[in-house]
Amino acid sequence: MRIELKINGRRFTPEVAPQETLLTVLRREGFYSVKHGCDTGECGACTVLINGKPTTTCNLLAMQVAGAAVETVEGLEESGELHPLQERFAQTAAVQCGFCTPAMIMAAKALLDENPTPTEAEVRRALSSTICRCTGYKQPVEAVLRAAADLRGESAGAGAEPQPEGVTPAEGTGAGGGAPSHDPAAVLTRTPLKVVGKSVRKVDNNKLVTGRPAFTDDIEHRGMLHARLLLSPHAHALIKRIDASKARALPGVHAVLTHQDIPRVSFTTAGQTWPEPSPYDTRSLDNKVRFVGDRVAAVAAETPEIAEEALRLIEVEYELLPAIFDPEEALKPGAPIIHDEPDCTGIGGYDATKNIAAEIHAQVGNVEQGLAEADIVIQRTYKVPQVQQTPIETHICITRLDENNRLEVRTSTQVPFHVRRIIAPVLGLRPSQIRVIKPRIGGGFGVKQEILIEDIAGHLTLKTRRPVKLELTREEEFRASRSRHPQILRMRTGVKRDGTLTAHEMVVVANTGGYGSHALTVQSNTGSKAMALYNCPNIRFDCKTAYTNLPPAGAFRGYGGPQGFFAVECHLDEVANAVGMDPLAFRLKNCLKTGDIHPLAAALGEGREGFEQRIESCGLPECAEFGKTEIKWDDMHVPSGLTKRRGLGVAFAMHGTAIPGVDMGAASIKMNDDGSFNLLVGATDLGTGSDTIMAQLAAEVLGIKPEEVLVYSSDTDMTPFDTGAYASSTTYISGGAVVRAAEDVAGQIQAVAGAMLDVPADDLELRDGRVYANDGSSVTLSEVALRSLHQHDQHQIAAIASKMSYDSPPPFAATFADVEVDVETGEVQVKKLVMSVDAGRIVNPALALGQIEGGMTQALGYAVSEEMVYDEKGLMVNPNFRDYRVFLADEMPEIVAHLVETADPFGPYGVKAVAEIPMDGVAPAVANAIYAATGVRMYEIPLTPERVWKALHQKE
Amino acid sequence: MFLRMQAFERPTDLAEALRLLARPGYRPLGGGTAAVGPVDAETAGLVDLSGLGLQYSRMEHDGLVLGAMMTLGDLLGLPELLLIGGGVLGKAVERTGPPTLLNRATMGGSLVGGAPDLATALLALGAQVTLARLDAAGQVVCEMSDLERYEAEPATLIESVRIPVKPVLTGYERVARTPRDLPAVAVVAAMEQDGQFVQNVRIAAYGLAPAPIRLKAAEEELEDAAPIEAVIQRAAEAAAAMVTPPADLRGSSEYRRHLARVLTRRAVEAAAGRMGRM
Ligand SMILES: Cc1cc2nc3c(=O)[nH]c(=O)nc-3n(C[C@H](O)[C@H](O)[C@H](O)COP(=O)(O)OP(=O)(O)OC[C@H]3O[C@@H](n4cnc5c(N)ncnc54)[C@H](O)[C@@H]3O)c2cc1C
Ligand code: FES
Ligand code: FES
């Protein structure tokens, strides 16, 4: 039926079917700003205004609003001018991945149309309909308040990017404690920096605030089929018989694949450097299912509805096998074996016959001896839950055969080069027959470091020779993607009465679920990060990672760190208490300092041998000082109410910067006629702003504005190799490659300019888009480019460079929490969180603070509300945002993010990583604050009302 | 995602709507926030109620009457809302979701589609629901607690909700994992003041049974009593004693029983705390 809609003031008369949602119709009409993140009105990404009011459109039929006026973000731009809301979002890190941005802008527009002078609380309420998994909401709220002022005509200097507060620049050494082996002042003052260190506008923000088609789904191919997966309803079963004939016979179905239809090739879904340190235990489709949600079959059909209908027609007969969910049970002799198939291989203690996906042992000194020397030994067990990354854009990919019969895979991935290499043998192709294109990504947080759908879409395209789109629904994303490894952590620590650690031991049993992707490396990170932050002569880390029949774990921002730090930081709080020391003073006494040797780096590599690391910069004392003041630490014993008790808690953290000796990034730069540059990087910006960081680094070297650098990332046909966006490596590794390539290009420019100005190339300086000689004479970059391309000794000024590093300079952080506990109900209200991070030199403060704010918010969910919950048959019971609680804009505590700049000799301009460390400290800081408030220790997260009540109750 | 849906109807009179709803697989549609989205292989036709003129609100002598298609957002905008139970209804509506939801979710759809805070508040306030039916009986007026009985009947519609407007004192308490989460338990207490005493006590709770219930044992302890500490404590104990709560991810049975006690006490204390001196 034809309906009429007024969209952004223009009349449309689309033909719609009765069951079609407005979301489907708007996207079909080309309004790609309206995003799809769920189907139940819960994520808010599909918000538009209907007759002026914000409404979700995934749970609204187009027929319901026939005749209505619809407004989308596409309608806001007026003759090329951004609306103040768009402009204010674009200026800061209010936009990270940008997937939620159009929805937030529209919700804010409706608010400002009605209420030009909103309070912060009103803005938060308006934005509460949109889940943003990236930002922590702070910068979006500020953007709306600034735009409101602009619209009232009150702001001065609306043009410039606001420079956020919250960075303490390095002073001289900038590092606490001992002596570094280099001169930090020299690192920081090597050259006066023009672009690095400034909160420049993100290079990709304009396209995101205007909702232009940038994401995987924002493209149409003629004849594209819609794929769906049949997921296992059983936790552990053999497929006795599978019959897809009825499904194949359904009109509109083009292919149905079961394990009988494709070759059996073992691989790992973990997108890691070759040879991957994760077991090859997965097949595209198998005759055995190992968790509720495991893949059974795949369908490609003309519409999503036909595909769904076809799934229901596939007949499967299962032979149920005993299922096991508890990792400790799984490791016992006689437990059902999850990978009993012969074609599984693995390394790192892998032993499928015992359900061991990975096993790790690392020791320095002698823990038994250390325990014997201790005055006090404290032994406790901690438990951390399975939680999910939940990027608002779920896994999605579109495959097709191009004109050369090569398989083009357009996919939302963090690891395009690993995707190409890993799926090639699975599909029976050579990597060169595959081209992987990574468009804009709507968040990843690790779950897109995993190859979960590209193989299936590839199989379907090869079978049908048609373009195929495969997108996980929100429910499937919960049931069938990846998650953070749940762990049981046993801590044993010996301490002298003066607070000196004599022994420190962690024994972990981790649960990797049905498949072992990242099973070894996540767990080794638990030890190498959390057990290495404090100096102790005797340290032991032992870990077994068990296969069970839960949905698999994998990579999730923090990568083993959050688990480990919850245990260590709660435990050491208790240890400090036992020796009568202030927990902050205790930490500062024992933590690593500049000049120390990382105690575990050599003993614990990521699936390979490790490399010794010397700590060249550590800003923990400064971080602690900032947080202490901000949270009013010295008032921690203020009396609180009888039923509502207040308390403060602290936790430290340390992370890594890239995997030493493993991560590699490359960049190529080419100069254009007008003096602009194309920068091609394999690095993938998942919303972190790394494209902008790359542009800033290149611009700094080349003496130009970041806008003059056209960043393209990434496409396996076009851009040089990069291991991908993980392990907090992008700025350090890929950025290092960019700086090297830019330096090479700068040299070539100097050579040409030197000939033009008739001076030695070495005497020339690149600055403000020109090349200057000592005498003040200069040529523009465009003149240099034109000469080199068209006039004399013609050649392309261009360079390509790579970077790998054996050093992984750790960032550090101190987190403080102020909480209120209702001792009758167990409800915990986090009032304020403060996190101060030493991430080395900061290239773009707004982006770095955005990373910290967003990370703190995810970590807050880990601390108090997020948890994947299962029934006794292994079925996840909360696979939606109503029951799986991610924090919304109007639920947030006050959050304060802060940066302490130190100078590290290894990274470009002294950078270290910032993206993962914010995940580590919140849960233990909150748990320690609960102790301060109530005298009760919490050994398990999330700190739900019931869990806290039970702990309080037991004490009574 | 509707797999089998053939028809979308927007009737303009109630009788026609009811006739359409008598067809197999036809369902009423309010705002659609709950009905549209999930995979649905049953619905054959949807009957959009937005053409029936049920978007009204009307103040009558003893109550506020809300048409079934009134949105929760419009409800929040009504000045009369403050007259009802000290604003408790507004607070419960606010808890029902973000603005995008309130702009579309309707009164009728919310009573069926699951809006626990709202349903609990309406139960405590003594709201009555008017149902329209195709069969000879025609319209019926029922209590909130009887609604479930009629929902199963084909060709039955919620037409309106009547909320008594009288000076009641209320208290509203809830416990949830985060402020915007559905509650593990929510308790709304409403009562009228008679000197030092309270009467017409109604205490409703969510999370203690599959649907919102009244805590009658607690009400009885308070009825015609002075709400002093010992009485309130007895009422709270009675609330806990009368329930066998279900367990789910928001709380075990044991914990919910404990919350029944604590939140009943707090809700009643809050209501009693609003008593004027006489
Ligand atoms: C993002 C989101 C967040 C939510 N959060 C919360 C929350 O925090 N707390 C909470 O309490 N609830 C929450 N909900 C649930 C919400 O309360 C319901 O979705 C909403 O109230 C349903 O109203 P509706 O008019 O859209 O109903 P519809 O979706 O139109 O209908 C729901 C059901 O009621 C039937 N129906 C509709 N109108 C009538 C009528 N007049 N007579 C008889 N039957 C009728 C329909 O056939 C259908 O079965 C949330 C929902 C969403 C989408
Ligand atoms: S709310 Fe519509 S896509 Fe999630
Ligand atoms: S920027 Fe909000 S979800 Fe990524």
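Residues numbered from 1 in each chain as written. Chains lettered and ligands numbered in written order. Predicted model: local features only at pLDDT ≥ 70, side-chain atom pairs only at ≥ 80, totals over all residues. Heavy atoms only, no water.

**Concerning the overall build of chain A**
Going by this rule: Under the DSSP-based scheme used, a helix requires at least four consecutive residues in state H or I and a strand at least two consecutive residues in state E, with every element numbered from the N terminus. We compute the radius of gyration from the C-alpha atoms alone; for a globule the expected value is 2.2 Å times N to the 0.38, where N is the number of residues. Remark: exposure states derive from per-residue accessible area (1.4 Å probe, protein chains only) relative to the maximum for the residue type, with buried under 20%, exposed over 50%, and partly exposed in between. In these tables, accessible area is a Shrake-Rupley quantity obtained with a 1.4 Å probe, and a residue counts as shielded only by the protein chains included in the view. Within this scheme the basic residues Lys and Arg register as positive and the acidic residues Asp and Glu register as negative, but His and the chain ends are omitted. Where a charge lies is defined by one atom per residue type, namely NZ (Lys), CZ (Arg), CG (Asp) and CD (Glu).
Counting secondary structure elements, chain A contains 24 helices and 32 strands. For 956 residues, the compact-globule estimate of 2.2 N^0.38 gives 30 Å, and the C-alpha radius of gyration of chain A, at 28 Å, lies within 12% of that figure. If one aligns the C-alpha atoms of chain A with their principal axes, the spans along those axes are about 85 × 75 × 55 Å. Here chain A holds 956 residues, and the buried ones make up 67% of them. Roughly 30,700 Å² of accessible area belongs to chain A as shown, and the carbon and sulfur atoms make up 50% of that amount. One way to put it: in chain A the 93 positive side-chain charges average out to a point 3 Å from where the 123 negative ones average out.

**Considering the domain arrangement of chain A**
All names here are of chain A. What counts is decided by this rule: Domain start and stop points were drawn from an automatic or database domain assignment. Any two residues whose heavy atoms approach within 4.5 Å at even a single point are treated as in contact. When two parts are brought into contact, each loses some accessible area as probed by a 1.4 Å sphere; the total of that loss over both is the buried area. Any Lys or Arg side-chain nitrogen found within 4 Å of a carboxyl oxygen on Asp or Glu counts as a salt bridge. The definition of a polar contact used here is a pair of N or O atoms within 3.5 Å, where within protein one atom must be able to donate a hydrogen and the other to accept one, and adjacent residues in sequence count solely through side-chain atom pairs.
Assigned domains within chain A: domain 1 (1-162), domain 2 (174-192 + 616-655 + 809-956), domain 3 (225-321 + 392-443 + 448-480) and domain 4 (664-804). In this structure, domain 2 and domain 3 have C-alpha centres spaced 37 Å apart. Counting residues at the interface gives 9 residues for domain 2, matched by 7 residues for domain 3. Together domain 2 and domain 3 conceal approximately 700 Å² of surface at their shared face, both sides included; 73% is due to carbon and sulfur atoms. Interface area lost by domain 2 to domain 3 is led by Leu875, Pro879 and Phe881, which between them contribute 58%. In this structure, the connection of domain 2 to domain 3 is made through 0 salt bridges. Where domain 2 packs against domain 3, one counts 1 residue pair in polar contact (both at pLDDT 80 or more).

**Description of unusual backbone geometry**
With the exception of glycine, the majority of residues adopt a negative phi angle, and the majority of peptide bonds are in the trans configuration. Residue and element names in this part refer to chain A. Note the cis peptide between Trp274 and Pro275, where omega equals -10°. With respect to the helices and strands, the residue Pro275 is situated in the loop between strand S9 (253-257) and strand S10 (288-289). With an omega dihedral of 0°, the bond running from Ile941 to Pro942 counts as a cis peptide bond. Considering the arrangement of structural elements, one finds Pro942 in the loop between helix H23 (922-934) and helix H24 (945-955). Of note, the phi angle at Tyr137 is positive, near 70°, even though the residue is not glycine. Among the secondary structure elements, Tyr137 is positioned in the loop between helix H4 (120-127) and helix H5 (138-151).

**Here's the deal with the environment of Val93(B)**
Mapped onto the secondary structure, Val93(B) falls in helix H3 (residues 88-94). A sequence separation of 20 residues divides Val93(B) from Gly73(B), and the C-alpha atoms of the two residues are 8.4 Å apart.

**A word on the interface of chain B and chain A**
Stated precisely, the cut-off is as follows: Each residue gets one of three labels, nonpolar for Ala, Val, Leu, Ile, Met, Phe, Trp, Tyr, Cys and Pro, charged for Asp, Glu, Lys and Arg, and polar for the others, Gly among them.
Facing the 51 residues of chain B at the interface are 46 residues of chain A. Between chain B and chain A, roughly 4,000 Å² of surface is buried when both sides are summed, and carbon and sulfur atoms account for 55% of that area. For the pair chain B and chain A, the number of links is 9 salt bridges. Of the charged contacts in the structure, one is a salt bridge between Glu824(A) and Arg266(B), with a shortest N-O distance of 2.7 Å. Counting across the chain B and chain A interface gives 26 residue pairs in polar contact (both at pLDDT 80 or more). Of all the secondary structure elements, the ones that give two or more residues to the side of chain B that touches chain A are strand S1 (7-9), strand S3 (45-48), helix H4 (99-102), strand S9 (169-175) and helix H10 (253-272) of chain B. At 8 residues, the largest contribution of residues to the side of chain B that touches chain A is made by H10(B). When its residues are assigned to classes, the side of chain B that touches chain A shows 24 nonpolar, 13 polar and 14 charged.

**Things to note about the sheet that holds strand S22 (residues 644-654) of chain A**
Residues and elements named next belong to chain A. The test is simple: By definition, two strands form a pair when at least two bridges between them are found by DSSP.
On the basis of which strands lie adjacent, the open sheet formed by 5 strands has the order S6-S32-S31-S30-S22 and mixed pairing. Each edge of the sheet is formed by a strand with only one pairing partner; in this case those strands are strand S6 (167-168) and S22. The pairing of strand S30 (residues 812-822) with strand S31 (residues 828-838) spans 10 bridges and is antiparallel. Directly across from Ala813, in S31, lies its bridge partner Val837.

**Observations concerning the site of ligand 1**
Selection rule: Nearness of a residue to a molecule or strand requires only that one of the residue's heavy atoms be within 4 Å of it.
The environment of ligand 1 is made up of 32 residues, and the closest members are Gly41(A), Pro28(B), Thr33(B), Thr106(B) and Ser110(B). Here Gly31(B) contributes a backbone N or O atom positioned 2.8 Å from an oxygen atom of ligand 1. Here a nitrogen atom of ligand 1 and a backbone polar atom of Thr96(B) are 3.2 Å apart. When ligand 1 sits alone it has 970 Å² of accessible area, and the protein chains cover 93% of it. Those elements that place two or more of their residues in the shell around ligand 1 are strand S2 (26-29), helix H5 (107-113) and strand S8 (156-164) of chain B. When residues in the shell around ligand 1 are grouped by element, the largest group, 5 residues, is from H5(B).

**Side note on the environment of Tyr515(A)**
All names here are of chain A. In this fold, Tyr515 is placed in the loop between strand S20 (501-513) and helix H15 (519-530). A C-alpha to C-alpha distance of 9.1 Å links Tyr515 and Leu550, two positions 35 residues apart in sequence. Leaving out residues up to four positions away in the same chain, Tyr515 has contacts with Asp281, Thr282, Lys288, Arg290, Phe291, Asp294, His339, Tyr547 and Pro552. Within the structure, Tyr515 has its side chain in polar contact with the side chain of Arg290 (distance 2.8 Å).

**Some thoughts on the pairing of strand S4 (residues 57-60) of chain B**
All names here are of chain B. Across 4 bridges, S4 lies against strand S5 (residues 63-67) in antiparallel orientation. Across the sheet, residue Arg58 finds its bridge partner in S5, namely Val65. Counting the residues that bridge the hairpin from S4 to S5 gives 2 residues.

**Structural notes on the sheet that holds S3(B)**
Residue and element names in this part refer to chain B. Put simply, the test is: Fitting a line to C-alpha atoms yields each axis, with helices limited to the stretch in contact; the angle taken between N-to-C directions then spans 0 to 180 degrees.
Ordered in space as S1-S3-S2, the 3 strands form an open sheet in which the pairing is parallel. Lying at the two open borders of the sheet, with one neighbouring strand each, are S1 and S2. In this sheet, neighbouring strand axes are inclined to one another by 20° on average, regardless of whether the strands run parallel or antiparallel. With 3 bridges connecting them, S1 and S3 associate as parallel partners. Residue pairing for S3: Phe8 is matched across the bridge by Leu46. Here helix H1 (residues 14-21) sits on the sheet in contact with S1, S2 and S3, set at roughly 140° to S2.

**Details of the state of the cysteines**
Counted only if it meets this: Here, the term disulfide refers to a pair of cysteine sulfur atoms separated by no more than 2.5 Å.
Enumeration according to the criterion identifies 0 disulfides over all chains in this entry. Here Cys570(A) stays free of any disulfide, with the sulfur of Cys591(A) as its closest cysteine sulfur at 18 Å.

**Points about the environment of Ala725(A)**
Position of Ala725(A) relative to the elements: it lies in the loop between strand S25 (709-712) and helix H20 (730-757). Not counting residues up to four positions away in its chain, the partners in contact with Ala725(A) are Gln414(A), Thr684(A), Leu686(A) and Thr730(A).

**A closer look at the side chain of His898(A)**
By secondary structure assignment, the location of His898(A) is in strand S32 (residues 894-900). Setting aside its immediate chain neighbours within four residues, His898(A) contacts Gly166(A), Val167(A), Thr168(A), Phe626(A), Met835(A), Ser836(A), Val837(A), Leu849(A) and Ile852(A).

**Side note on a negative patch on the surface**
Residues and elements named next belong to chain A. Under the convention used in this document: To count toward a patch, a residue needs a relative accessible area over 30% and no salt bridge; like charges are then connected within 9 Å, while nonpolar side chains (Val, Leu, Ile, Met, Phe, Trp, Tyr) are connected within 5 Å.
Where like charges cluster on the molecular surface, the negative patch consists of Asp582, Glu625, Asp634 and Asp635. Along the chain, Glu625 falls in helix H18 (residues 620-631). On the basis of relative accessible area, Glu625 is assigned to the partly exposed category, the value being 46%.

**Concerning the domain arrangement of chain B**
It is common to give the size of an interface as the accessible area that goes away when the parts come together. All names here are of chain B. Partitioning chain B into domains gives domain 1 (7-48), domain 2 (57-164) and domain 3 (169-272). The straight-line distance from the C-alpha centre of domain 1 to that of domain 2 is 19 Å. Contact residues are listed per partner, giving 14 residues for domain 1 and 13 residues for domain 2. Surface buried jointly by domain 1 and domain 2 totals about 970 Å² across both partners, of which 77% is contributed by carbon and sulfur atoms.

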